[in-house]
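The lines below spell out each chain.
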Amino acid sequence: MSWDFVVPVSLDDLLKSGAINQYVVQDVLSPKQLPSYINSFKAALRSQGPLCILEHFDTVYSVLQHCRTVDVALKEDALEFLIQVVRGMSVSLPSLLLSGTLSAADRKQQLNAVKMSVFLLCKLTENLESDSCREGIITAPSKGRKKEKASGKGLQQWDSERESVLQCLTQLLQLDIRSLWNLSLVEEEFVSCVTCCCYKLLENPTVGHMKNKPTRDAIIHVLGVMVKKYNHMLGACVKVIQLLQHFEQLSSVCAQAVCAWSSEYGVKAIVGEIMREIGQKSSDELAREGSGVKAFSSFLSELSTLIPEAMIPNISVLLTHLEGECALNVIFGNLRSSSMRVAVCEVLGEVLVRVLSGDKLDDSGRADRDRFLDTLQEHIHDSHSHVRARVLQVYSRIVNSKALPLCRYTEVMELAVGRLGDKSVHVCKSAIQLLAAFIAHNPYSCKLSSVDLKTPLEKETAKLKEMRENMSEKAPDSQTLCCIQSAMNFIFVAVISAADLWAAMEPEVLNTVRSHLEPGSDAEREEEEEGEEDEQDRSDRDTAIQIAQYLRHNKYRQAVCLCVRAHSLYPESPFFCALSDINPETLISTLASLFKGPEENQVSEPTVNEQPPTPQKEGEKDGDEEKENELKKQEMLVQYLKDTESFALQVERAIAVINNMLYWKTTTVSVGVFCVYVFKYVLVQEAVQFCVTAREFSVADSISGVRKMLPLVWSTDAAVKDAVIQAYRRLYLNPQGDSTRAKTQTLVDSLSELMVDASLGTIQCLEEIVQEFFSNENALQASVVQALWERFSGKRETSALHRRAAVLLLGMAARLARAEREVVLSNLDTLCSVALGEKVTEDYLLARDTVITITNITDHVRQSKGVPFRLPVDHHLFSCLTQAIADGVVLSDPHWQTFMEQAIRLVYFLAESPDQLSARLLQRSARLLLEQITEGGEPNQSQMSEGSQDSEQQVSCVSLAQLLSLCGAVAFWQVSHLERSVSTELRRRRGEKEEKEEKEKGPVGKNKEANDSCVEEELGLTGASAEDTEAEFIRKICETELLADGNMLSVFLPLLVKVCSSPGRYSHTQLTTAACLALSQYMMISPAVCKDNIRLLFTVLEKSTLPVVRANAIIALGDLTVRFPNILEPWTPNLYARLCDENASVRLTAITVLTQLVLKDVMKVKGQVSEVAVLLLDPEPHIASLALNFFNELSAKDNAIYNLLPDIISRLSDPERGMKEEDFNTIMKQLFSYITKERQTESLVARAQVEEFEKKLTAVHTKGLENVENEEREQQLEEQTHSQNTQTPLPKTARRPTRGRTKSKMDESDLVTPKVSRARPKKVISFSSDEGEDEEDAVMTENETPKVTTPISRTRRTRLRH
């Protein structure tokens, strides 16, 4: 064979005549000729074998030339024949290559065949791959399965053939075919032909899919062979970089390929080359890369998870990306640079977790670990939030893998706590996860409480101090060898051990010893001279120390000479007695023992240790060593306790911050110049999980977070609600134990812990949690209920708190499970006897919780249709209740009040005639109080004051206060009973009567009634008469019968008015509070009572010195505003005035009540809302947040704030108010933020300018410019005079005192009930049943009339509504 085949760069190069003896295609066949020639190629393959490619190369080359026009089947046939050729060569070449008998002509023939077949196979593969991708793009938008199947048929066949091509290439290339080339140098064109084909296959978008894993692995193996055997490493590095720049989806594939080339094929240098290429890219280049930066980041992160150990030697080249940010583009450049920083940090994390962890690291490994950890620590404060979040996540993985050194726990923990205040939600979330990982994997203790750790730390610290003092008092004994070692350590700071030093210097010392022992040496003369000079007395101990110092200073000759001379001076010394026979071995042994000390030479040199010390020294030596060991142990213990306390303090600090995150809703996340509002539901979930983890490790104050997240069970977000439920289930409803009894006990203890000291709102939230246990069928339900009954009844010894928790849990179980409800109802007598029996006065809290349980159980029965469930008045339950209430009136139990309120509520819910029962109860309580007064003596005026009465009279005041509270509760629930229960029963009876009448009427009557109803519908009279009649009936009872002379309630009304109007005589705090509350409850009965006492109640509101009385009065007036809006409307400014009260609790109550009244449309919003605006600057954060919430909710109403702004600005800018300009600007900035429409903003500015201009202009035209101010002042004086002369009994319109101003003295005449004014009263709005057609409303218009006319209970949420 006279020609050589040269692999061309392009197909057309084979058509040109090149160098001498270079193969050139002679004839390119036409598409019509190709089928017959392909058949000839097939026949030749069968007869001649793979070498037939030498003759039929032009045939397959023609297929490549006409690849776009020939049929797919023809190309597939050509591909199949080429695969057979390559496989045939893979089979025939091994024997020829091993034989070594190939001639030059045969070698050239085989080489040409290999190059031709591989070239044709790779080019045809590339063409088919291009056609496959093109076909996939064209058919992608098509719809219909039939079209997809028809168009994708060729694609599916090519997918199956692609793997066969790669396998046959791998088989051929794995052979040692390099020997076919001269000097085994394979030309670059052949390597590029194979690798370009592989890279072309990698560019397929689907190559990363799981179904293409065999093809992907085959490509990686072909390239691995080329990298290892054909010097393709540098080309592979460049190509990987290019693929990452243009194909982002190949990041994972490239990482897998590099991992395989490094581990399976042993080409580890390729990892460093690729990392160096990425590391050398500047920030500006990365900014221009676009998607390449993301691909680089993903590639590095993926590679670090596969081969982290191979990245350590070259990781320094990546650290340059952590130093700066992109300067080309402020926003997007920063984002791309942050992606690289994230990738580098993830690489560091993987290396720390999988390589640089554990206690077996050498010095270099520890240095790298510390350096990487320092780098990560720096980027916890990175400028980009994404980097900060990912670094915290990397630390979480490090902590979870237990790869963080103990010495860094406190430092990293402090940084994580600091990130809880980050402006980014994702950073806060990652910080919470890291803190939870710290707690879950902490190496200190299973219980983290700084309070519990404080005592043992103080104890152990004192013990350590005492041990150190004892050690310092007792000087160290004169142990010679120990003194030698101490001297050596004092003079020289040893970096390595003495044994290592001796091993290093021993050869030189041995040469010195041998030269010294040679006869006639200069050393002997020097020894004699030194002996002459050293005539002073020296002990053997000092001599041994001197020898050790000579050795330390590398003065080996002086040390040897002195050691030989010391033997002659101290032959009996245990240090030199081994030199009785001086030779190199004994001399070296003696020098080693003196240099290393006794501990290092204990085993290797028994000669020194065999010298027996005295028994006294031996005991002292053992005692000192034991004390030193104890001291070291104590120091380690103290340090451990200090680290544990520091860790616990950091956790407690984190809990305080995370607990506040439970109710965060939104936050502002800054990205460049953009602001995005992000809901924090995910952050709330992380906070919930952290609270659970902290609680499981008994962290101090962790229970506060668990309780604080409880109201989130009512969250509108299902994920948050489910997270809270799962958290409580994990903490309390997942009992552990070997037996059913043990699990039951654990579960009951957990549930009781939740109920202990829980408020009413907390109990309502817990019902939602407990429902998860009792609503589902559980094997422990029966045993749990049985255990609760045992605790409540006292059969099992337990505390009072757990007995109360047990009865509340029984009530929850009864409400949620019908079977348990029947059990509790059947045991009603047991409840009464245990909690409401003779010992009820000993524990009113247990009695209160029992009453709540009975109320909750019977609530389901009472709300059922049909005849209401009521118990007779003489039932044992009511006997116990009345007895307990009456007996408690004359006692001073602080918990009687709450029990009484719940008991009266239960009486009106269950008793058949609650009014009669209440009347008897009031009569009995009053009689007991009178008996008490008679026995103790009636207190006079001076004794009624709080500071001048003895204990017996104090009891009288408390008893009177409790009696008045009872009167108020009876009055309130009597009204509620009439308007709810009686009204409902009237409607039920009316409905039954109508149904009965309909049944009695025949078809004719029904038709006639239908005609009448049609007429009534046209006139608008249907459904109104009956309901109005019932409402009129209830109203008449309230106005005429409840406070009639024969009613028990009327007896106490004068007493209430007297106590409230005489604060000088009745100054007792509890008495005044109870009287004011009871009076407000009496005023709920009828408009007449409200009118008669409204002025007194407002007088108490303004002039009472007790903040609790003023706060209660605000709440009561809020209820009265809902019930009688016309009566309270003129007094609105007095309610707003309490927003400036000097007491923070009063202001808090006022803003809460007014917010409810305004937002529920009960009270009309007026200019006084400016007082709410002032609270935006209140020093109390809670009050300021409520004021902000008020305006946030008010802004949801159409143009509400826009309409109020002029009045607010006018009032706040009044010079007499004296508001600072800075405060005014702050308030206006907040209010103007609600004006989002540009048109409204312009209108406000224009309105302000026009009004001011018109006012000035009018004044100038009338009286002149100089008289404008005088005119305004006269107008204000006239308005004040006119308001003072009005006859309406309204509050004074003079400017109210500001907060902190001294109150005026109260006089008895100021607090008396005002007389009815003789002036003609204004017409007011009455009930709908009282309104006439010609009546005119002089106070409020129709659209301002509140729709609710029922009382509001301060303990129920459904009262205040519209």
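For the structure, see preceding data.
A short tour of the structure in this document, coming up. Just so it is clear, the model here is predicted, and its values are computed rather than measured. (Residues numbered from 1 in each chain as written. Predicted model: local features only at pLDDT ≥ 70, side-chain atom pairs only at ≥ 80, totals over all residues. Heavy atoms only, no water.)

## A few points about a negative patch on the surface
- A cluster of acidic residues, D71, D77, E80 and E161, forms a negative patch at the surface.
- When you line up the elements, D71 lands in the loop between α2 (57-65) and α3 (72-99). (Patch = residues over 30% accessible without salt bridge, like charges linked within 9 Å, V, L, I, M, F, W, Y side chains within 5 Å. Areas by Shrake-Rupley, 256 points an atom, 1.4 Å probe, with all protein chains shown as cover. Salt bridge = Lys/Arg side-chain N within 4 Å of Asp/Glu carboxyl O. Lys, Arg positive; Asp, Glu negative; His and termini not counted. Charge placed at Lys NZ, Arg CZ, Asp CG, Glu CD. Helix = DSSP H or I, 4+ residues; strand = E, 2+ residues; numbered from the N terminus.)

## Describing the environment of I380
- One can find I380 in the loop between α16 (363-378) and α17 (385-400).
- I380 sits in the buried class, given a relative accessible area of 0%.
- Counting along the chain gives 39 residues from I380 to R419, while the straight-line C-alpha distance between them is 8.1 Å.
- For I380, the residues in contact, after removing those within four places along its chain, are R388, V391, L392, Y395, L415 and R419. (Buried < 20%, exposed > 50% of the residue type's maximum accessible area, 1.4 Å probe, protein only. Contact = heavy atoms within 4.5 Å.)

## Observations regarding the packing of helix α31 (residues 718-732) against helix α33 (residues 760-774)
- At their nearest, the axes of α31 and α33 sit 10 Å apart, and the two run at 70° to each other. Comparing their axes, α33 and α31 come out roughly perpendicular. Relative to α33, α31 is oriented so that their crossing is right-handed. The segment α31 lies against α33, with K721, I725, Y728 and R729 engaging L766, E768, I769 and E772.
- Counted by class, the contact of α31 with α33 contains 4 nonpolar, no polar and 4 charged residues. (Axes fitted to C-alpha atoms, helices over the stretch in contact; angles between N-to-C directions. Parallel < 35°, antiparallel > 145°, perpendicular 65-115°, else oblique. Left-handed = near helix turned anticlockwise from the far one by under 90°. Nonpolar A, V, L, I, M, F, W, Y, C, P; charged D, E, K, R; others polar.)

## Description of the packing of aromatic side chains
- One pass over the full model with this rule turns up 19 aromatic pairs.
- Taking 6.1 Å as the distance between ring centres and 25° as the angle between the ring planes, the aromatic pair formed by F57 and Y61 counts as stacked. One end of the pair is F57 and the other is Y61, both in helix α2 and 4 residues apart, which spans about a single turn.
- When its relative accessible area of 0% is taken as the criterion, F57 is described as buried.
- The exposure class assigned to Y61 is buried, which follows from its relative accessible area of 0%.
- With a centroid separation of 6.3 Å and an interplanar angle of 70°, the aromatic rings of W789 and F792 are classed as edge-to-face. Placement of both W789 and F792 in helix α34 (residues 781-793) is noted, with a separation of 3 residues, approximately one turn of the helix. Considered together, W789 and F792 belong to a single accessibility category, that of buried residues.
- Through pairs of rings, three or more aromatic residues link up here, namely W3, F5, Y23, F57, Y61 and F119. (Phe/Tyr/Trp six-rings, centres within 6.5 Å; stacked < 30°, edge-to-face > 60°.)

## Topic: the environment of D701
- Checked against the element boundaries, D701 lands in the loop between α29 (681-696) and α30 (702-708).
- For the pair D701 and S449, spaced 252 residues apart in sequence, the C-alpha to C-alpha distance is 8.7 Å.
- Not counting residues within four places of it along the chain, the set of residues in contact with D701 comprises I655 and N659.

## Some words on the side chain of T59
- Position of T59 relative to the elements: it lies in helix α2.
- Overall, the relative accessible area of 4% leaves T59 in the buried class.
- Discounting chain neighbours no more than four positions away, the residues touching T59 are L29, L34, Y37 and I38.

Read these as layout, nothing more, since geometry by itself doesn't imply function.
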